[in-house]
Every structure is written in C-alpha cells, then in structure tokens.
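So the chains spell out like this:
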Amino acid sequence: MSCTAEVQAAFILSSFVTFFLGLIILFICRLMWRALKRWRNIKGTGIFLELISSGTIRNNPLESLHFHGLFRNRIEMLLSAQTFVGQVLVILVFVLSIGSLIIYFINSTDPVGSCSSYEDKTIPIDLIFNTFFAFYFGLRFVAADDKIKFWLEMNSIVDIFTIPPTFVSFYLKSNWLGLRFLRALRLLELPQILQILQVMKTSNSVKFSKLLAIVLSTWFTAAGFIHLVENSGDPWLKGKNSQNITYFECIYLVMATTSTVGFGDVVAKTSLGRTFIIFFTLGSLILFANYVPEMVELFANKRKYTSPYEVVKGKKFIVVCGNITVDSVTAFLRNFLRHRSGEINTEIVFLGEMPPSLELETLFKCYLAYTTFVSGSALKWEDLKRAAVDSAEACLIIANPLCSDSHAEDTANIMRALSIKNYYPRARVIIQILLSHNKVYLPKIPSWDWSAGDNIICFAELKLGFIAQGCLVPGLCTFLTSLFVEQNRKVFPKQPWQKYFLNGLKNKILTQRLSNDFAGMCFPEVSRICFVKMNLMLIAIQYDSLFTSGYSGLILNPPAHVKLHKNTLGFFIAESPKEVRRAAFYCYLCHHNVHNPELIEKCCCSKVKTRQHSAGSSVRILKNTIKHFKSRTVKRNIFPVEMENKTSTLTLNTRDLLNDTEQDSHLLDSSGLFHWSKSTPLEKAILKRTDKPKFRNHIVACIFGDAHSTLMGLRNFVMPLRASNYSLQELKDIVFIGSLDYLQKEWRFLRNFPRIFILPGSALYLGDLQAVNIEECAMCAVLSPPSKPSSSPTLVDTEAILATLNIRSLWISPSAQRPSVLEDVSQFLGGHPETSKYRRIPILTELKNPSNIHFIEQLGGLEESLPGTNLHLSTSFSTGAVFSSTFMDSLLATRNPSQKVGSC
C-alpha cells in the first residue's frame with residue numbers, strides 16, 4: 001500500500017525527535033549537575049540539597065557512589081571485547097546489523113513510497129533485531145563516562161535513526177524504508193570482528209579490511225540516501241521531480257561518481273540528490289585517490305610476495321635477510337654472481353620486512369633467474385618457513401654500515417640469527433656485525449657451531465685492521481680491497497702504471513685443492529713452484545694436523561716446518577678459477593719440464609707414490625725450479641710480494657705451531673699475540689701543547705666524535721700495530737687527535753697497550769696537527785666519524801674530507817726525513833722526487849660513502865687520472881690514500897655456502 005506523507009513524516013520525526021530531545025535532556029542534566037556541584041561548595045547548602053534530592057540524610061553517601069561505580073564497571077567489562085561475553089555481544093550485534101541491512105536490500109525492491117504490510121515476514125524479524133539493538137544501546141549508555149559524547153558517536157547515531165522507526169512500524173502495523181540504510185555504517189567494525197575471530201594476524205590484512213570496510217560502508221550509505229531522495233522527490237515540490245530508480249542503479253551511480261567517470265546514463269534529478277552529489281564528489285576524490293589504490297597495492301603485494309618459496313630438489317639456494325636495499329642487493333648480486341659466473345644452480349631468496357621499492361623490484365627482475373623475494377621477517381617462524389630456511393644452504397644477514405645507531409643494528413641482526421637458529425638449529429648463519437664487542441653474544445647461542453660454517457664478519461675489526469695495516473705498509477689497503485672488488489667498466493689507461501694497476505684489479509682470492517704431488521713438501525717450496533711454473537700466487541693453506549691435539553685451520557704463509565698433506569686446500573691470488581686448477585692438475589712426471597702454464601692440464605698417467613718418493617721428487621722439483629727461475633726473467637702483471645717472516649702478522653693462531661718466541665712473556669698479553677703493559681691512567685696519556693712533545697716516525701689518528709657518539713672500536717685499530725711479532729723497538733707511537741669526551745670512553749679498551757697518546761683537539765685546526773709533529777709522522781689516518789641520524793649519504797664524510805684538506809695543505813720541507821717506500825711509489829708512478837722541493841704528508845682517509853671520492857680526487861696531484869668518480873678507479877685509491885669499507889659487502893658472497901672452512 002502507498003505510504004502517506006503523514007506516515008513518512010512519523011518515521012522521520014521519530015528519529016530526529018529522539019536524537020535532539022535526548023541531546024537537550026543530556027545538556028540540561030549536565031548543567032544541573034554542575035550547578036549542584038557549585039551549590040555544594042557553599043557552606044550549609046549541602047545538607048539542604050541532600051534533603052530535597054532524597055528526603056532523608058544518607059548515613060553513608062559514599063556507599064551509593066561505590067555501588068554506582070561498581071555497577072558501571074561490571075557493565076563495561078560485560079561489553080568489553082576482552083571477555084568472552086563481550087566478544088559474543090560484539091559479534092552478535094555485527095551479524096544482526098548485516099542481517100538488518102540485507103532485509104533493507106530485500107525491501108528496497110518495492111517502491112520507496114509504499115509501506116510494507118505487517119504481514120510481511122521480514123518485518124517481525126527486523127523488529128526482533130532492533131529490540132536487541134535497543135537493549136545493547138542501553139547497556140552502552142549506562143557504561144559511558146561522557147553521555148553527550150556517547151550520544152554523538154557514529155554507532156549511537158545509527159541506532160537512534162534506525163531503532164525508533166521500527167517501534168513506530170509496530171504501532172502503525174506498517175513499515176517504510178526511511179533511513180534504514182544507515183545500518184551499512186556498521187560495516188566499519190569489520191576489522192575488529194575479524195581480529196576477534198583471529199582471521200587476520202598481519203598488519204597488511206588488518207589495513208586492507210579497514211580500507212574495504214570504509215569503501216563499502218560509504219557506497220551503501222550514499223546509495224541509500226540517493227535511493228530515498230530520488231524516489232521521494234524534493235519535499236517543497238511535493239515529489240513532482242521524483243524518479244523511479246532502483247537501489248542497484250544508485251550503487252552504480254555512486255561507484256561512477258567515486259571513480260570520477262560519470263557516464264551520464266543514471267543521474268540525480270532532485271535538488272537534494274544533486275546537492276548531495278556535489279559534496280560526495282569532493283569526498284570521492286579523497287576516497288578513490290587514496291583508499292582504492294592502496295587496497296589494490298596491498299592485495300597485489302600480498303599475492304605477489306607472501307607465497308612460500310618452492311624448494312626444487314637438487315637446486316641449491318641461500319636466504320638473505322637484514323638490510324635489503326638497492327645498494328646492498330646490488331653489491332651482493334654483483335659479487336655473488338661473479339664468483340659463480342655461468343652457474344644458475346644456486347638461487348638467492350631475499351627475505352625483506354618491507355615490500356620492495358620500484359627500483360629494487362626492477363633489480364630483481366633483471367636477475368629473475370637467480371633471485372626470489374619473499375616479504376616477511378626473520379624474527380617470525382611462519383616467515384622463515386615460507387622462505388624454506390630449513391632447506392637453504394646458508395642464511396646470510398646483511399648489516400647497514402650507514403645506520404645512525406650501530407648498536408641497535410647489531411642487536412637486531414643478532415635477534416635475527418637467534419630466531420633462525422631457534423627455528424632450525426642446523427642452519428648455517430653468516431652475519432655481518434658492525435661493532436666488535438657485540439660478537440660475544442653470537443657464540444652463546446646454543447646451536448651456534450663454528451665447525452658447521454657459522455661465521456661472523458665484523459666491520460669494525462676488518463675496517464680498522466686494514467687501515468692499521470695500511471699505516472704500516474702504504475698501499476696495503478688498496479692491495480687487499482682490490483681482491484674483493486670487481487670492475488665492470490671498460491677503462492682505457494693512458495699511462496703505464498694505470499695499465500699495471502688495472503691488471504692487478506683482476507686478481508681475486510680463489511681456493512683450489514692442491515695436487516697430491518705436493519704432499520710432504522713445505523709451504524715455501526710449493527709457493528715457489530706455483531709462482532714459477534703456474535704463474536700463481538699461493539698465500540695460505542687449510543692445515544689439518546695429523547695429531548688430535550695439533551692445530552687445524554687457515555694459515556697464511558706458514559713456517560717451513562709445516563708439511564703439506566694430501567688433498568690440502570690452497571688459497572691463491574689469481575684472475576680466474578681456470579688458472580688455479582693448474583695446481584690440482586700438476587704432476588711432476590708430466591709437467592716438470594713444462595715452462596708454459598697453459599700446457600699444465602690434467603694428465604692421464606696413474607702412479608702410486610710413497611712418501612719417500614714424494615720427498616725425493618720435491619727436492620728435484622725445487623732444484624729444477626730454482627735453476628729455471630735464475631736462468632730466465634719472468635714478466636708479471638701483478639706486483640711481486642716477498643714471503644718474509646713479517647708477513648706472518650696476518651697468520652691466524654700460529655702461535656701453537658711456534659716453539660719459541662723472542663719476546664718476554666711479561667710484555668705480552670695472555671694470548672701471546674699482542675704487546676701488553678700495565679693500565680695507564682688517562683691523565684698520563686694526555687698530551688699538552690705547552691710540553692711540545694717531539695714525535696718522529698709515528699702514527700697520527702684523527703678521530704671525530706663526541707660524548708654521545710657510538711664507539712667505533714679503536715682497539716681494533718691498535719691491535720695490529722701492537723702485534724707480538726714486532727719487537728718493542730719496532731713499535732710506532734700512536735697519537736690520537738680528537739674530542740677528550742669521546743676518547744675517554746674508548747680509553748678503557750686502550751689503556752693496556754704501550755705507547756698510546758691522546759691530544760684533545762681536532763684535526764680541523766692546524767695548531768693541533770702541528771702540536772703532534774705531524775710533519776715527521778709515518779702515516780696520518782683520518783677515520784670517518786660515526787653516522788648521525790640526520791646525516792645524508794653525502795655529508796657522512798664531511799669531517800674526514802675537511803680534515804684531509806687541512807692536512808694536505810701542510811707541506812713538508814726537504815730537511816724532513818722521507819720514507820723510502822713513498823719515494824719508490826713516486827718513481828713508479830712516473831714522478832721525479834729529486835725535482836720536488838716539498839712533499840705532502842702521507843695520509844690514509846676513510847670514506848663511508850665511496851661516491852664522495854670526487855671531493856678528494858682533486859687533491860691527488862696526478863694528471864690524467866682515470867675518468868669518472870668510481871672509488872676503485874681513482875688515483876687516490878690506487879696510491880693508497882683513500883680507503884672505503886664498502887668492499888666488505890662482497891665478503892658475504894665470497895663465503896661459498898658449500899664450504900665450511902674457518903671463520904671470518
């Protein structure tokens with residue numbers, strides 16, 4: 001039947017009257033309560049008001065307040081989602097609201113102007129639903145602290161504009177659509193319901209459901225309003241401009257408006273409808289521009305990066321987590337794939353906590369055959385399961401060396417290692433650590449096993465250790481770092497020294513099992529044969545003692561009494577794996593007269609050699625190679641390196657192989673590896689400018705930091721300079737220039753090393769540099785300061801660059817002693833030291849950001865340098881004046897997952 005205007009007004013007015021009348025009553029009650037509180041403060045009026053309000057004076061007025069508060073707390077706990085009853089009520093209200101919305105969709109098929117008969121079965125069902133809503137509304141009203149704020153809440157407005165018309169329909173025995181479309185706003189509680197049911201557990205799924213609820217509730221509510229006004233027409237025109245439009249067509253109009261398309265086949269004709277469309281279009285711009293694309297991105301990323309990695313039988317893979325950025329991934333892929341060129345059997349699974357950026361995603365697409373990205377955290381077992389950590393060859397954890405808080409970065413990576421070990425104790429973990437003192441936590445993990453291949457790569461130890469060695473041997477940093485860096489750029493050298501330098505950059509550290517013909521020989525014999533016969537440089541071996549109590553591990557340049565065994569693993573400096581295979585193919589019977597390394601290939605002869613025969617063969621080999629070495633001059637593209645006893649500085653734990661020492665035990669530490677002295681008070685180590693200390697052939701270290709800076713670990717810089725294989729007379733004085741507040745924090749790690757001095761000041765002031773007699777120093781090391789939170793990648797090296805400019809401005813007079821090493825280097829580079837009236841101070845500058853080399857390259861003083869600003873192709877790097885720790889990103893790639901040798 002048709003609904004008259006009076007009946008429709010009754011439905012509409014019931015909601016508006018309830019809303020405004022209730023709001024007015026609440027305001028009046030609040031004003032009266034505030035007035036009563038003010039009257040209570042007036043002397044003598046409190047008892048009078050108590051008599052008027054209750055008729056008698058209560059014996060204990062606090063008892064009623066306690067009862068009221070206890071009752072309200074019980075109601076709050078009943079409605080809270082923390083209790084089972086509260087969860088049931090919340091879920092039941094949501095389900096019944098959706099049911100009421102469905103009933104509205106069913107009734108919307110009839111014309112809006114018609115009233116449904118009370119005999120319709122959906123009307124009693126909707127009445128039961130709204131009766132429960134009224135009961136729940138009353139409970140919420142009682143539990144609310146601020147009644148007015150509760151009255152203006154979204155859910156309260158929905159109940160006020162939908163519940164009273166239901167009771168009006170019961171009174172009038174008819175039903176009208178009215179404002180029942182507001183029930184769609186209950187969809188905003190969808191994320192809370194899904195969380196209570198534990199359907200969603202990730203932040204992305206919660207965010208997606210929230211955005212979806214906002215979009216759906218907005219569409220359904222707006223479509224309901226347009227459906228009402230377009231079918232009813234404008235009230236002041238008495239419905240003359242109404243049009244018959246279905247609810248589905250209203251949904252279509254709203255979606256077209258939201259997408260800002262507007263096809264024009266369905267339009268609003270009433271003034272109310274068009275006015276609503278104007279404001280809704282403005283809101284649609286925000287809705288469509290922000291929420292809908294974000295929903296699509298969340299949904300696409302969930303499907304794209306949350307699927308588990310599929311393990312293929314027979315195909316090896318590794319898992320890389322931690323600092324997954326464009327720079328770290330690029331460095332890792334470049335070095336990892338270089339060591340395995342032509343092999344696609346090893347795949348890389350990157351486990352990133354954030355979805356990849358467009359640049360990183362493009363990088364993964366370029367290496368699609370080698371890489372797979374899985375979104376997740378190494379701290380969660382379900383993500384480790386999706387990354388198939390239990391089947392991986394190794395798990396690599398990358399650190400961020402440019403982070404503002406190194407300690408927080410280390411602890412986060414240690415927790416990742418702990419999570420991986422707890423998930424799968426047999427997993428092999430290779431982790432990068434920034435600060436050396438954080439290494440102690442990793443061996444304490446119960447399943448940590450060095451013999452199984454677990455490794456720690458400490459940035460502070462390697463970086464400062466390399467710089468310290470560069471202070472003793474100028475250019476050693478360049479030599480060592482070039483072994484880990486590959487240059488893909490084609491550069492055409494203009495000078496002879498550049499050609500030799502670029503050829504040297506091709507050499508890498510490679511491993512190869514040595515031929516059994518070398519069994520029983522000492523390391524000097526084998527290294528000479530490899531160098532003369534095969535054009536290979538053997539620098540170390542993997543030594544396994546035949547005795548249970550003997551030493552087992554990596555030895556660099558072992559002494560002559562160490563004999564090689566069969567199947568010994570050798571470490572070479574060579575250009576390609578093809579060259580080092582000659583050491584495995586070498587046979588004395590077939591190759592002792594071969595002079596061309598290219599002819600040393602796998603032979604077909606088979607023989608059984610005794611140890612005595614091998615020893616005799618090695619004597620003959622040694623005589624022939626010495627004779628051959630003296631008879632001809634061999635031209636090399638790599639710099640010759642003398643195998644002197646002092647190169648045992650790099651030897652790891654070789655003291656077990658040495659039977660005697662030249663140092664007294666009381667001058668060394670407990671390990672016997674470093675010079676030791678009694679603790680020196682900081683006051684005695686501090687230098688004063690008034691004393692004018694005279695140093696000569698010493699090492700100056702420029703430090704930048706303050707009381708709030710993170711420790712960089714200067715102990716790692718001092719330890720190589722205080723190695724026990726140097727006599728006490730050979731030790732060089734070390735002078736630190738920097739903030740006393742910072743050096744005071746480092747001093748507790750340095751106070752037991754001899755001949756350490758501190759000058760409070762800054763390398764940015766020439767007076768402080770001249771106070772330590774920097775003109776006669778052996779080397780000046782400029783260490784880059786710890787990163788700051790607000791530092792940009794370009795400004796992280798500001799202090800180091802300015803200090804380098806300051807030091808390079810000082811020129812040494814001819815009367816100052818000039819190291820012979822620097823003279824040899826100048827002659828090799830084509831310079832003429834005899835024509836130079838002054839020379840510059842030898843300096844080694846650390847750069848955290850290698851792209852900042854262009855600030856120092858102009859200081860090199862060499863013409864026709866290599867083009868570009870690439871650090872490893874610069875003149876400053878080639879001459880050993882600049883060092884950057886970025887090469888350590890490649891150390892993860894050089895650790896072959898199939899090898900389990902030693903530890904870094």
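Residues take numbers from 1 onward in each chain, read along the sequence in its written order. Owing to the predicted nature of the model, reporting of local features is limited to residues with pLDDT of at least 70; listing and counting of side-chain atom pairs is limited to 80 or more, with chain, interface and lining totals taken over all residues. With hydrogens and water stripped out, all remaining heavy atoms of the structure feed into the side-chain values.

1. Details of the overall build of the protein
Working step 1: Numbering of helices and strands runs from the N terminus; a helix is a DSSP stretch of H or I covering at least four residues, while a strand is a stretch of E covering at least two. When you go through the protein residue by residue, the secondary structure sums to 32 helices and 20 strands.
Working step 2: When a residue's accessible area, from a 1.4 Å probe over protein chains only, is under 20% of the maximum for its type it is buried; when over 50% it is exposed; and in between it is partly exposed. Out of the 904 residues belonging to the protein, those deemed buried represent 46%.
Working step 3: Contacts: residue pairs with any heavy atoms within 4.5 Å of one another. Sequence separation of 24 or more characterises 74% of the internal contacts of the protein that already satisfy a separation of 6 or more.
Working step 4: For every accessible area listed, the method is Shrake-Rupley and the probe measures 1.4 Å; residues are considered covered only by the protein chains on display. When the accessible surface of the protein is summed, it comes to about 47200 Å², and 59% of that surface belongs to carbon and sulfur atoms.

2. Notes on the confidence of the model for the protein
Working step 1: For every residue, the predictor assigns a confidence score, pLDDT, that lies between 0 and 100. Confidence in the prediction for the protein averages 76 pLDDT; 77% of positions are at 70 or higher.
Working step 2: For the protein, per-element mean pLDDT is lowest for helix α23 (residues 611-631), which scores 40, and highest for strand β13 (residues 699-702), which scores 94.
Working step 3: Long-range and interchain partners of residues 62-67, a stretch whose pLDDT sits below 50, account for 0 contacts in this model, where long-range means more than four residues apart.
Working step 4: Here residues 606-666 scores under 50 on pLDDT; set against residues more than four positions off or in separate chains, the count is 75 contacts.

3. Here's the deal with helix α7 (residues 154-172)
Working step 1: By this rule the span expected of a helix is its residue count minus one, scaled by 1.5 Å. The terminal C-alpha atoms of α7 lie 28 Å apart, and with 19 residues this matches the ideal 27 Å at 1.5 Å per residue to within 8%.
Working step 2: Taken as a whole, α7 has its buried residues at S156, V158, D159, I160, F161, T162, I163, P164, P165, T166, V168 and S169.
Working step 3: Positioned one or two residues after α7, K173 has a phi angle of 55°, which is positive.

4. Focus: helix α13 (residues 358-366)
Working step 1: The set of residues buried in α13 consists of L360, E361, L363 and F364. For α13, the arc enclosing every buried residue in end-on projection is 155°, short of the 170-degree limit, so these residues lie on one face. Turned more than 90 degrees from where α13 packs its buried face, L358, E359, K365 and C366 sit exposed. Working definition: the arc comes from the directions between the helix axis and the C-beta atoms, pointing outward to the latter.

5. Focus on the sheet that holds strand β7 (residues 429-433)
Working step 1: If you walk across this open sheet you meet the 6 strands as β5-β4-β3-β6-β7-β8, and the pairing is parallel. The open sheet terminates on both sides in strands that have one partner only, identified here as β5 (371-375) and β8 (455-458). For this sheet, the mean inter-axis angle between neighbouring strands, taken without regard to orientation, is 20°.
Working step 2: In this structure, strand β4 (residues 346-352) lies alongside β5, joined through 5 bridges in parallel fashion. Following the sheet pairing, F350 is matched in β5 by F373.
Working step 3: A fitted line through C-alpha atoms represents every axis, and for helices the fit uses only the stretch in contact; the resulting angles, taken between N-to-C directions, go from 0 to 180 degrees. Against the sheet, helix α15 (residues 406-423) touches β3 (316-322), β6 (395-398) and β7, its axis set at about 170° to β7. Two strands form a pair only when DSSP identifies at least two bridges running between them.

6. Description of unusual backbone geometry
Working step 1: The backbone phi angle of N567 is positive, close to 60°, even though this residue is not glycine.
Working step 2: Structurally, N567 can be placed in the loop between β11 (552-556) and β12 (569-574).
Working step 3: With a relative accessible area of 49%, N567 lands in the partly exposed category.
Working step 4: Within the chain, R755 stands out as a residue other than glycine whose phi angle is a positive 60°.

7. Focus: the pattern of salt bridges
Working step 1: Think of a salt bridge as a Lys or Arg side-chain nitrogen and an Asp or Glu carboxyl oxygen that are within 4 Å of each other. Under the criterion given, the structure shown has 15 salt bridges.
Working step 2: Between E153 and R140 there is a salt bridge, with its nearest N and O atoms 3.5 Å apart. With a gap of 13 residues between them, E153 in the loop between α6 (147-151) and α7 and R140 in helix α5 (residues 122-143) connect regions that are remote in the sequence.
Working step 3: A relative accessible area of 13% means that R140 is categorised as buried.
Working step 4: Counted as one network, the salt bridges with shared partners bring together R140, E153, D159, R183, R186 and E189.

8. Thoughts on the packing of aromatic side chains
Working step 1: Centre distance within 6.5 Å is the pairing criterion for rings of Phe, Tyr and Trp, where only the six-membered ring of Trp is used; planes under 30 degrees apart are then read as stacked, over 60 as edge-to-face, and the remainder as tilted. Going through the model one piece at a time under the given rule, you end up with 24 aromatic pairs.
Working step 2: Note on F19 and F20: the rings are 5.1 Å apart at their centroids and 80° apart in plane angle, and the pair reads as edge-to-face.
Working step 3: Judged by its relative accessible area of 10%, F19 is buried.
Working step 4: Consider the rings of F137 and F150, whose centres lie 5.3 Å apart with planes at 40°: the pair is tilted. One end of the pair, F137, is in helix α5; the other, F150, is in helix α6, and 13 residues separate them in sequence.
Working step 5: Exposure remark for F137: the relative accessible area of 14% places this residue in the buried category.
Working step 6: Taken together through their ring pairs, the aromatic side chains of F16, F19, F20 and F161 make up a single cluster.
Working step 7: Placement of a positive charge over a ring is assigned whenever Lys NZ or Arg CZ falls within 6 Å of the ring centre and within 35 degrees of the normal to the ring plane. Above the plane of the ring of F141 lies K147, whose end atom (NZ or CZ) is 4.9 Å from the centre.

9. Here we look at the environment of W219
Working step 1: With respect to the secondary-structure elements, W219 resides in helix α9 (residues 203-232).
Working step 2: With a relative accessible area of 17%, W219 lands in the buried category.
Working step 3: C-alpha of W219 to C-alpha of T258: the two residues are 39 residues apart in sequence and 8.7 Å apart in space.
Working step 4: In this structure, W219 is in contact with I251, V254, M255, T258 and L287, ignoring residues within four places of it in sequence.

10. Some thoughts on the pairing of β5
Working step 1: Burial analysis of β5 places 4 of its 5 residues in the buried class, which makes it a mostly covered element.
Working step 2: Crossovers are described as right-handed under a simple rule: with the strands pointing away from the observer, the path leading from the first strand over the helix to the second runs clockwise. Regarding the hand of the β-α-β motif, the stretch spanning β4, α13 and β5 is right-handed.

11. What about the nonpolar core?
Working step 1: Counting residues in each nonpolar core, the largest one holds 43 residues, and the members touching the most others are W151 and V254.
Working step 2: Taken together, the elements giving at least two residues each to this core come down to α1 (5-40), α4 (84-107), α6, α7, α9, α10 (247-258) and α11 (271-305).
Working step 3: The greatest single-element share of this core, amounting to 7 residues, is contributed by α9.
Working step 4: One finds L464, I467, A685 and Y742 within the second-largest nonpolar core, a separate group that totals 35 residues. Grouping buried Ala, Val, Leu, Ile, Met, Phe, Trp, Tyr and Cys residues that are joined through side-chain atoms within 4.5 Å yields what is termed a nonpolar core.

12. Overview of the side chain of S100
Working step 1: Relative to the helices and strands, S100 resides in helix α4.
Working step 2: Relative accessible area serves as the criterion here: at 5%, S100 is assigned to the buried category.
Working step 3: Discounting residues that sit within four places of it in the chain, S100 has contacts with D126, F129, N130, F133 and R183.

13. Here's the deal with the environment of E409
Working step 1: Within the secondary structure, E409 sits in helix α15.
Working step 2: The class of E409 is buried, set by a relative accessible area of 16%.
Working step 3: Along the chain, E409 and A399 lie 10 residues apart, while their C-alpha atoms are 7.0 Å from each other.
Working step 4: Beyond its immediate stretch of four places on either side in the chain, E409 contacts N323, I398, A399, N400, C403 and L434.

14. Observations concerning the sheet that holds strand β14 (residues 734-738)
Working step 1: With parallel pairing, the 6 strands of this open sheet are ordered in space as β15-β14-β13-β16-β19-β20. The sheet is open, and its two borders are formed by β15 (756-760) and β20 (882-883), each paired with just one other strand.
Working step 2: Pairing of β13 with β14 involves 4 bridges; the strand directions are parallel. Directly across from V700, in β14, lies its bridge partner V735.
Working step 3: Contacting β14 and β15, helix α26 (residues 740-747) crosses the sheet at an angle of about 160° to β15.
Working step 4: Lying over the sheet, helix α28 (residues 798-808) contacts β13, β16 (779-782) and β19 (843-846), oriented at roughly 165° with respect to β19.

15. Here we look at the packing of α9 against α10
Working step 1: Contact geometry of α9 with α10 gives a least axis separation of 8 Å together with a crossing angle of 120°. Between α9 and α10, the crossing angle belongs to the class labelled oblique. At the point where α9 passes α10, the crossing takes the right-handed sense. Along the contact surface, α9 presents W219, F220, A222, A223, G224, I226 and H227, while α10 presents Y247, C250, I251, L253, V254, M255 and T258.
Working step 2: The residue makeup of the contact of α9 with α10, split by class, is 11 nonpolar, 3 polar and no charged. For this classification, under 35 degrees means roughly parallel, over 145 means roughly antiparallel, 65 to 115 means roughly perpendicular, and everything else is oblique. By convention the crossing between two helices is left-handed if the near helix lies anticlockwise of the far one by an angle smaller than a right angle, and right-handed if it lies clockwise. Think of it as three bins: nonpolar holds Ala, Val, Leu, Ile, Met, Phe, Trp, Tyr, Cys and Pro, charged holds Asp, Glu, Lys and Arg, and polar takes everything else, Gly as well.

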